[in-house]
Amino acid sequence: MNLFQIFKASIHSPKKIAAFRLIPIGKVMQYIFSYIFIMTVISFIFFMNGISDQQTSMEGLLEYFSEIQWLLYPFAFIFLFVFNTLIIFVQISIFAYIGMIILYSRKRKGEYRHIWRTTLFASTVPMLLSVLAVLLQWTSSYVQLAIYVITFVYLVLSTKYYPINKSASTF
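Keep in mind that this is a model prediction, so the values were computed, not measured. (Residues numbered from 1 in each chain as written. Predicted model: local features only at pLDDT ≥ 70, side-chain atom pairs only at ≥ 80, totals over all residues. Heavy atoms only, no water.)

**Quick notes on unusual backbone geometry**
And then number 1: Located in the positive-phi region is Lys-107, a residue other than glycine, with phi close to 55 degrees.
And then number 2: Relative to the assigned elements, Lys-107 resides in the loop between helix H4 (59–105) and helix H5 (112–122). (Helix = DSSP H or I, 4+ residues; strand = E, 2+ residues; numbered from the N terminus.)

The structure is reproduced here in structure tokens:
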């Protein structure tokens with residue numbers, strides 16, 4: 001499957017999201033880093049616009065910024081890329097631990113690496129909403145809460161399609 005097919009299926013099919021746990025790690029990394037790159041480009045555009053706004057209001061720094069822009073922008077882009085990578089990997093990892101709890105409570109069989117991949121693909125719609133929130137400059141905690149709830153719902157729906165753990169003890 002190519003990345004667009006995976007993206008399309010991740011939007012609407014919890015069953016396929018659960019099946020994507022078997023996708024090779026290389027394809028998973030392509031998927032996540034393409035998303036991180038898009039988020040970084042958007043963040044960088046907002047950063048450049050913010051610097052431009054700051055330059056016009058501070059006349060003394062205008063000459064200084066024009067001299068170091070060639071140095072500032074590449075480092076800013078790299079910093080934003082690393083920062084976005086860190087934040088997204090931490091979010092997915094935390095939700096993967098929650099997914100392990102969901103698997104255990106539903107008596108489903110799965111390893112952390114499988115639920116991590118499922119969590120990544122379950123967070124496709126929330127990722128799109130976060131991009132939209134950034135573009136529309138929505139900075140409400142309710143928006144962030146909605147993104148977390150949607151990720152959780154997709155994760156719960158996807159874990160339904162994991163195999164049943166027959167060795168799980170019942171009380």
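**Observations regarding the confidence of the model for the protein chain**
And then number 1: Scored by pLDDT, the protein chain comes out at a mean of 87, with 88% of its residues at no less than 70.
And then number 2: Mean pLDDT across the secondary structure elements of the protein chain bottoms out at helix H3 (residues 25–57), with 82, and peaks at H5, with 95. (pLDDT = per-residue confidence, 0-100.)

**Quick notes on the packing of helix H1 (residues 3–12) against helix H6 (residues 124–135)**
And then number 1: Remark: H1 packs on H6, axes separated minimally by 8 Å, with the N-to-C direction vectors making an angle of 95 degrees. Here H1 is positioned roughly perpendicular relative to H6, judged by the angle of their axes. For the pair formed by H1 and H6, the contact residues are Phe-7, Ser-10 and Ile-11 on the first element and Thr-124, Val-125 and Leu-128 on the second.
And then number 2: Taken together, the residues that form the contact of H1 with H6 break down as 4 nonpolar, 2 polar and no charged. (Axes fitted to C-alpha atoms, helices over the stretch in contact; angles between N-to-C directions. Parallel < 35°, antiparallel > 145°, perpendicular 65-115°, else oblique. Contact = heavy atoms within 4.5 Å. Nonpolar A, V, L, I, M, F, W, Y, C, P; charged D, E, K, R; others polar.)

**So, the nonpolar core**
And then number 1: Counting residues in hydrophobic clusters, the biggest one holds 29 residues, and the most contacted among them are Ile-32, Tyr-35, Ile-92, Trp-116, Leu-120 and Phe-121.
And then number 2: Only H1, helix H2 (14–19), H3, H4, H5, H6 and helix H7 (141–159) provide two or more residues apiece to this core.
And then number 3: Counting residues per element, this core draws most heavily on H3, at 7 residues.
And then number 4: Filtering out sequence-adjacent residues up to four positions away, Ile-92 remains in contact with Ile-32, Trp-116, Thr-119, Leu-120, Ser-123 and Met-127. (Core = buried A, V, L, I, M, F, W, Y, C linked by side-chain atoms within 4.5 Å. Buried < 20%, exposed > 50% of the residue type's maximum accessible area, 1.4 Å probe, protein only.)

**Details of the pattern of salt bridges**
And then number 1: Applying the stated criterion across every chain, the model contains 1 salt bridge.
And then number 2: Between Glu-111 and Arg-113 there is a salt bridge whose closest N-O contact spans 2.6 Å.
And then number 3: We classify Glu-111 as partly exposed; its relative accessible area is 42%. (Salt bridge = Lys/Arg side-chain N within 4 Å of Asp/Glu carboxyl O.)

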